[in-house]
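Per-entry structural report
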Amino acid sequence: MKVVLAFSSGLDTSVAVRLLQENYKADVITVTVNVGQSPFKLKAAAKKAKLLGAVKHVHIDARKEFIQDYIFPSIKANGLYEGYPLSTALARYPIASKLVDVALREKADAVAHGCTGKGNDQFRFDTTISLKAPKLKIIAPIREFNLDRKQEIGYAKKKGIPVETESSYSIDENLWGRSIEGGVLEDPKKIPPEHIYTWTRPPEKTPQKPRIIEIEFKEGVPIALDGKRMGGVELITEMNRIAGDYGVGRIELIEDRIMGLKARENYEAPAATVLIQAHQTLEQLVLTKEELEFKRQADQKWADLVYRGLWFDPLKEDLDAFINSTQRRVTGKVKVKLDRGSCRAIGRSSPYSLYDEKLVSFEKPGFDQRDAVGIIKFHGIQGKILRKRRMTR
Ligand code: ARG
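This text gives an overview of the structure that appears in the document. Fair warning: this is a prediction, and the values are worked out from it, not measured in the lab.

1. Some details on the site of the ligand
Inspection of the region around the ligand gives 15 residues, with Tyr84, Asn120, Arg124, Ser170 and Glu255 positioned closest. Glu181 is positioned such that a nitrogen or oxygen atom in its side chain is 3.2 Å from a nitrogen atom of the ligand. Contact with the protein chains removes 91% of the 350 Å² of surface that the ligand exposes when unbound. Where the shell around the ligand is concerned, the elements lending two or more residues are α4 (88–105), α5 (121–132), β8 (169–174), β9 (177–182) and β14 (262–268). Each residue belonging to the shell around the ligand can be placed in one class, and the counts come to four nonpolar, four polar and seven charged.

Pasting the structure below:
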């Protein structure tokens with residue numbers, strides 16, 4: 001039996017290799033998809049795959065595609081679920097897609113992933129795989145053997161699988177963010193230890209002086225940083241570095257998982273935090289009140305579908321069409337101030353701006369103020385009528 005496994009070199013997927021070999025007598029092909037995790041982790045994956053006896057290790061650099069097809073749409077949709085800038089959620093789709101590609105190419109009997117039966121990632125993997133290749137068998141060994149993390153560590157030790165010191169945490173990272181779960185974090189009243197963070201400095205150790213950066217957007221997508229045009233990978237990597245330096249993007253939530261379980265989640269998402277905020281500010285300038293109101297609902301639904309594994313749902317495609325249409329005018333520049341863990345939009349401009357300085361200014365006449373009186377006469381008219389009726393009754 002030939003099985004293609006999505007492999008990160010972490011505890012779950014390492015244990016999965018062995019379980020597949022021993023219990024399914026499988027030849028395991030490991031696939032690591034580069035969605036911007038640290039290069040160190042990518043190298044470790046190739047080495048560990050070999051050590052665990054994978055018959056083949058495939059490495060796919062999907063960073064450009066991840067940005068173009070997943071991160072950019074998420075910026076356009078201000079992709080936040082309960083305040084979490086969708087990151088792990090987004091990356092699962094290209095990973096699952098690549099996994100299917102390799103499995104079909106290799107004529108594999110099954111694909112496998114390291115998800116447990118408790119989290120969200122199983123929904124994203126299984127749904128995408130079965131949609132792309134309905135006949136392909138899906139094996140999730142950790143879920144199937146009902147293993148908890150302690151049992152996994154025990155099994156790994158018994159089988160001579162190296163276990164990293166950070167293994168008490170379940171960590172996932174990609175260009176758009178880093179998520180840390182498990183270990184002491186499972187007690188929601190305990191304060192997260194500083195060592196869980198690797199992308200962001202604690203606010204007290206950030207530079208003394210605030211920094212102002214300028215981000216340029218074209219049709220809803222960031223294209224330049226401080227006047228310098230950059231490709232997506234470079235721009236997001238730079239933004240993560242700069243904003244992380246200022247301690248921006250630490251997010252802690254009690255999050256409602258797909259299955260209804262509440263989970264304590266910690267994230268580092270410096271670039272996502274800044275770029276989504278800058279994008280929202282620009283939308284406020286160029287979209288009408290009606291568009292903004294409606295889009296807020298569309299964005300929320302979009303994020304909800306993406307979080308719940310339904311990237312390929314027809315409604316998500318419909319929402320994309322609406323969102324893309326609004327983004328034709330989301331072009332312009334935004335200034336953002338980074339200061340001790342906070343990030344604030346402090347300036348914006350756009351050729352499509354709906355802001356009319358002459359009309360709104362206190363210093364310029366703009367229009368005849370007396371015209372306002374006529375409009376106000378009808379303002380709240382229904383309430384006035386009702387009140388009058390009650391008084392006369
Ligand atoms: N709660 C986040 C999500 O559902 C992060 C999940 C992290 N996954 C992991 N295997 N550590 O998208």
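2. A look at the packing of α4 against α5
Closest axis-to-axis distance for the α4/α5 pair is 9 Å, and the angle between their directions is 35°. With respect to the hand of their crossing, α4 and α5 are arranged in right-handed fashion. Residues Thr88, Ala89, Arg92, Tyr93, Ile95, Ala96, Ser97, Leu99 and Val100 of α4 pack against Asp121, Arg124, Phe125, Thr128, Ile129 and Lys132 of α5.

3. Considering the pattern of salt bridges
Going through the model one piece at a time under the given rule, you end up with 33 salt bridges. Ionic pairing is found between Asp12 and Arg149, a salt bridge with its closest N-O pair at 3.6 Å. Here Asp12, found in helix α1 (residues 11–23), pairs with Arg149, found in helix α7 (residues 149–158); they are 137 residues apart in sequence, far enough to count as distant. Taking relative accessible area as the criterion, Arg149 reaches 24% and is therefore assigned partly exposed. Measuring nitrogen to oxygen at the nearest pair gives 3.2 Å for the salt bridge that ties Asp187 to Lys189.

4. Considerations on the nonpolar core
Counting 81 residues, the largest nonpolar core has Leu86, Leu90, Trp176, Ile215 and Val274 as its most contacted members. Broken down by element, the residue count for this core peaks at ten residues, all from α4. Formed by 23 residues, the second largest nonpolar core is a distinct cluster that contains Val3, Tyr24, Leu52 and Ile161.

5. As for a nonpolar patch on the surface
Together, Phe378, Ile381 and Ile385 make up an exposed nonpolar region whose accessible area comes to about 290 Å². Checked against the element boundaries, Ile381 lands in helix α14 (residues 381–392).

6. What about the sheet that holds strand β10 (residues 211–218)?
Two strands in a sheet stick together by hydrogen bonds in their backbones, pointing the same way (parallel) or opposite ways (antiparallel). Here we have five strands laid out as an open sheet, ordered β12-β11-β10-β15-β16, and antiparallel in their pairing. Bordering the open sheet on either side are β12 (228–229) and β16 (342–349), each of which pairs with just one other strand. Summarising the sheet, strand β11 (residues 221–225) and β12 pair through two bridges and their orientation is antiparallel. Counterpart to Leu225 in the pairing with β12 is Lys228. Its contacts with the sheet place helix α8 (residues 232–245) against β10, β11, β12 and β15 (332–339), and it is angled at close to 70° to β11.

7. What to know about the environment of Arg308
With respect to the helices and strands, Arg308 occurs in the loop between α10 (289–307) and α11 (314–327). Ignoring sequence-local partners within four residues, the contact set of Arg308 consists of Tyr93, Phe123, Ile258 and Lys301.

8. Observations concerning α10
Across its 19 residues, α10 extends 27 Å between first and last C-alpha, which sits within 8% of the 27 Å expected from 1.5 Å per residue. Those residues of α10 that fall on the buried side of the exposure criterion are Leu292, Lys295, Ala298, Asp299, Trp302, Ala303, Leu305, Val306 and Tyr307. Following α10 by one or two positions, Gly309 adopts a phi angle in the positive range, close to 90°.

9. Structural notes on the layout of surface pockets
Volume-wise, the second largest pocket comes out at about 310 Å³. Forming the boundary of the second largest pocket are 15 residues, of which Gly36, Leu175, Trp199, Thr237 and Asn240 lie nearest the centre. Of all the elements in the fold, those that place two or more residues in the lining of the second largest pocket are α2 (39–51) and α8. If one sorts the elements of the lining of the second largest pocket by residue count, α8 sits on top with four residues.

10. A closer look at the sheet that holds strand β6 (residues 110–112)
Spatially, five strands are ordered β3-β2-β1-β6-β7 in an open sheet, and the strand pairing comes out parallel. The sheet terminates laterally at β3 (56–61) and β7 (137–139), the two strands that pair on one side only. Strand-to-strand twist of the sheet, defined as the mean angle between neighbouring strand axes without regard to direction, takes the value 25°. The sheet contact formed by strand β1 (residues 2–6) and strand β2 (residues 27–34) spans five bridges and is parallel. By the bridge assignment, Leu5 is partnered in β2 with Thr30.

11. Re the pairing of strand β13 (residues 250–256)
Successive residues of a regular strand alternate their side chains across the two faces of the sheet. Side chains of β13 alternate between two faces, with Ile251, Leu253 and Glu255 buried and Arg250, Glu252, Ile254 and Asp256 left unburied. One ladder, built from seven bridges, connects β13 with β14; its direction is antiparallel. Bridge assignment links Asp256 to a residue of β14, and that residue is Lys262. The antiparallel pairing of β13 with β14 creates a hairpin that spans five residues between the two strands, and Gly260 there sits at a positive phi of about 100°.

Analysis parameters
Residues numbered from 1 in each chain as written. Predicted model: local features only at pLDDT ≥ 70, side-chain atom pairs only at ≥ 80, totals over all residues. Heavy atoms only, no water. Near = heavy atom within 4 Å. Polar contact = N/O pair within 3.5 Å; in protein donor to acceptor, adjacent residues only side chain to side chain. Areas by Shrake-Rupley, 256 points an atom, 1.4 Å probe, with all protein chains shown as cover. Helix = DSSP H or I, 4+ residues; strand = E, 2+ residues; numbered from the N terminus. Nonpolar A, V, L, I, M, F, W, Y, C, P; charged D, E, K, R; others polar. Axes fitted to C-alpha atoms, helices over the stretch in contact; angles between N-to-C directions. Left-handed = near helix turned anticlockwise from the far one by under 90°. Contact = heavy atoms within 4.5 Å. Salt bridge = Lys/Arg side-chain N within 4 Å of Asp/Glu carboxyl O. Buried < 20%, exposed > 50% of the residue type's maximum accessible area, 1.4 Å probe, protein only. Core = buried A, V, L, I, M, F, W, Y, C linked by side-chain atoms within 4.5 Å. Patch = residues over 30% accessible without salt bridge, like charges linked within 9 Å, V, L, I, M, F, W, Y side chains within 5 Å. Pairing = 2+ DSSP bridges. Expected span 1.5 Å × (residues − 1). 1 Å grid on protein atoms, 1.4 Å probe; cavity = no way out; pocket = protein on both sides within 12 Å on 5 of 7 lines; lining within 4 Å. Points joined across faces, edges and corners; volume = space filled by probe spheres on them.

Spatial relationships are all this shows, so hold off on functional conclusions.
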